[in-house]
Amino acid sequence: MSKGKYILVNGSFVPTDEYQISLIESEAIHFSEKFRAIRTSFPFFNETLELIKLKLSLYNQSFTEFTDNNGAGLKRQLERTLTKNKHFLGSVLILTIRFTEQKVHFSIQSETTDPIGYELNEKGLYVEIFDQIRKSTSTLSNLSIGSEIYWEIAASYLKESSVDEFILVNSFDQIIETPESNIYLIKGRTVRGVSSIQGAYQDITKPLMLDIFSRLNLEYTDNKGITNADVRDTEEIMVVNSIKGIRWIVGFEEKRYFNNTIRKISELFNQRVIS
């Protein structure tokens, strides 16, 4: 992955190496949202736009320059950033919005991705449960702004671990998510997920995933919390988000998992997103 040489700041480009924020900006309320770009398309753009509108509303703010006309202004700025950085294939863009002195400021940065599009990881992820801190259920726990602190704490421990990813648990020791991703367990024709009632982050891919499960005649349920024993008993596990797509988990402690159904799900995911 290669970061772009320029960052778009309030409509003007600044060399990445020279970009700085003021003390006022560093102390300002802000949030970020990521976009995946695959050549000329932005998968999940509309869903991400709705998230931005929701977060602006939560902070009692508006930014019609980006939210009006189905996000045409925002999409234009994303395209400008990709063109300036010559990121014409696969990339991730990060939009950051700050509220300072009753004004809305924004920045957009981009970096390339490999692979260009969504591809199922051939080498499965190894995971383990992270229990140094437990995520509590709140009105914001289903959003990134209510989850990021937990993800950041987990990430600070990951560099000392031998696994690829941590699984987070809630205050009842139920498994709820991996950082930035929804988790799904597959056994036979049943898929188990986690709902916001259990404090789980709800990625914008979830409606699409539910549709894919239905198309494959898989029964989805999230009415019960997922336990450690459930993870040991399942046949396949995957984690999903709008940036990395579907990723297969191969190992949890001594247990190993298949990816037969996950491959079918991944194929449909790619067809629906790219079409």
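Predicted, not measured: the structure shown is a model, and the values here were computed from it.

(A) Representation of the pattern of salt bridges. Applying the stated criterion across every chain, the model contains 15 salt bridges. In this structure, Glu50 and Lys53 form a salt bridge, with 3.3 Å as the shortest nitrogen-oxygen distance. One end of the pair is Glu50 and the other is Lys53, both in helix H2 (residues 45-58) and three residues apart, which spans about a single turn. Taking relative accessible area as the criterion, Glu50 reaches 46% and is therefore assigned partly exposed. Classification of Lys53 by relative accessible area gives partly exposed; the value is 32%. If you follow the salt bridges from partner to partner, you end up with Asp211, Arg215 and Arg272 in one network.

(B) Representation of the sheet that holds strand E3 (residues 29-38) in the model. Taken in spatial order, the five strands of this open sheet run E2-E1-E5-E4-E3, and their pairing is antiparallel. With one partner strand each, in any of the chains shown, strand E2 (12-15) and E3 form the two edges of the open sheet. In this sheet, adjacent strand axes meet at a mean angle of 25° when their direction is disregarded. In this structure, E3 lies alongside strand E4 (residues 90-100), joined through ten bridges in antiparallel fashion. Within E4, the residue paired with Ile29 across the bridge is Phe99.

(C) Broad picture of unusual backbone geometry. The linkage connecting Asp114 with the following residue, Pro115, adopts the cis geometry, with an omega of 10°. Of note in this structure, Gln102 is not a glycine but carries a positive phi near 60°. By secondary structure assignment, the location of Gln102 is in the loop between E4 and strand E5 (103-112).

(D) Region of interest: H2. Here H2 contains 14 residues, and its C-alpha end-to-end distance of 20 Å stays within 8% of the 20 Å for a straight helix at 1.5 Å per residue. Of the residues making up H2, those classed as buried are Phe45, Thr48, Leu49, Leu51, Ile52, Lys55 and Leu56. Down the axis of H2, the smallest arc covering the buried residues is 155°, so these residues share one side. Within H2, the exposed residues directed more than 90 degrees away from the buried face are Asn46 and Ser57. Packing partners of the buried residues in H2 comprise E3, helix H3 (64-67), helix H4 (72-84) and E4. With its phi angle positive at about 60°, Asn60 sits one or two positions after the end of H2.

(E) Seen up close, the layout of surface pockets. Counted as a void, the largest pocket has a volume near 950 Å³. Together, 35 residues line the largest pocket, and Lys34, Glu180, Asn241, Ile243 and Lys244 are the ones closest to its centre. Of all the elements in the fold, those that place two or more residues in the lining of the largest pocket are E3, H2, E4 and helix H5 (148-158). When its residues are assigned to classes, the lining of the largest pocket shows 13 nonpolar, nine polar and 13 charged. Approximately 200 Å³ is the volume attributed to the second largest pocket. Forming the walls of the second largest pocket are eleven residues, and the residues nearest its centre are Phe44, Glu47, Leu208, Arg272 and Val273. Ranked by the residues each element gives to the lining of the second largest pocket, the list is headed by helix H8 (residues 260-274), at three residues. Each residue belonging to the lining of the second largest pocket can be placed in one class, and the counts come to seven nonpolar, two polar and two charged.

(F) Focus on the pairing of strand E1 (residues 6-9). Sheet topology note: the E1/E2 ladder contains four bridges and is antiparallel. Bridged to Val9 within E2 is Ser12. Between E1 and E2, which pair antiparallel one after the other, the connecting turn spans two residues, and Asn10 there sits at a positive phi close to 50°. Here E1 pairs with E5 via two bridges, running antiparallel. Looking at E5, one finds that Leu8 is bridged to Ile108.

(G) Summary view of empty space enclosed by the protein. Per the counting criterion, the structure on display carries one cavity of 30 Å³ or more. By volume, the largest cavity amounts to about 40 Å³. As for the largest cavity, its lining consists of Tyr118, Glu119, Leu120, Lys244, Gly245, Ile246, Ser266, Phe269 and Asn270. When contributions to the lining of the largest cavity are tallied by element, the ones reaching two or more residues are strand E13 (245-252) and H8.

Calculation criteria
- Residues numbered from 1 in each chain as written.
- Predicted model: local features only at pLDDT ≥ 70, side-chain atom pairs only at ≥ 80, totals over all residues.
- Heavy atoms only, no water.
- Salt bridge = Lys/Arg side-chain N within 4 Å of Asp/Glu carboxyl O.
- Helix = DSSP H or I, 4+ residues; strand = E, 2+ residues; numbered from the N terminus.
- Buried < 20%, exposed > 50% of the residue type's maximum accessible area, 1.4 Å probe, protein only.
- Pairing = 2+ DSSP bridges.
- Axes fitted to C-alpha atoms, helices over the stretch in contact; angles between N-to-C directions.
- Expected span 1.5 Å × (residues − 1).
- Arc of directions from axis to C-beta.
- Contact = heavy atoms within 4.5 Å.
- 1 Å grid on protein atoms, 1.4 Å probe; cavity = no way out; pocket = protein on both sides within 12 Å on 5 of 7 lines; lining within 4 Å.
- Points joined across faces, edges and corners; volume = space filled by probe spheres on them.
- Nonpolar A, V, L, I, M, F, W, Y, C, P; charged D, E, K, R; others polar.

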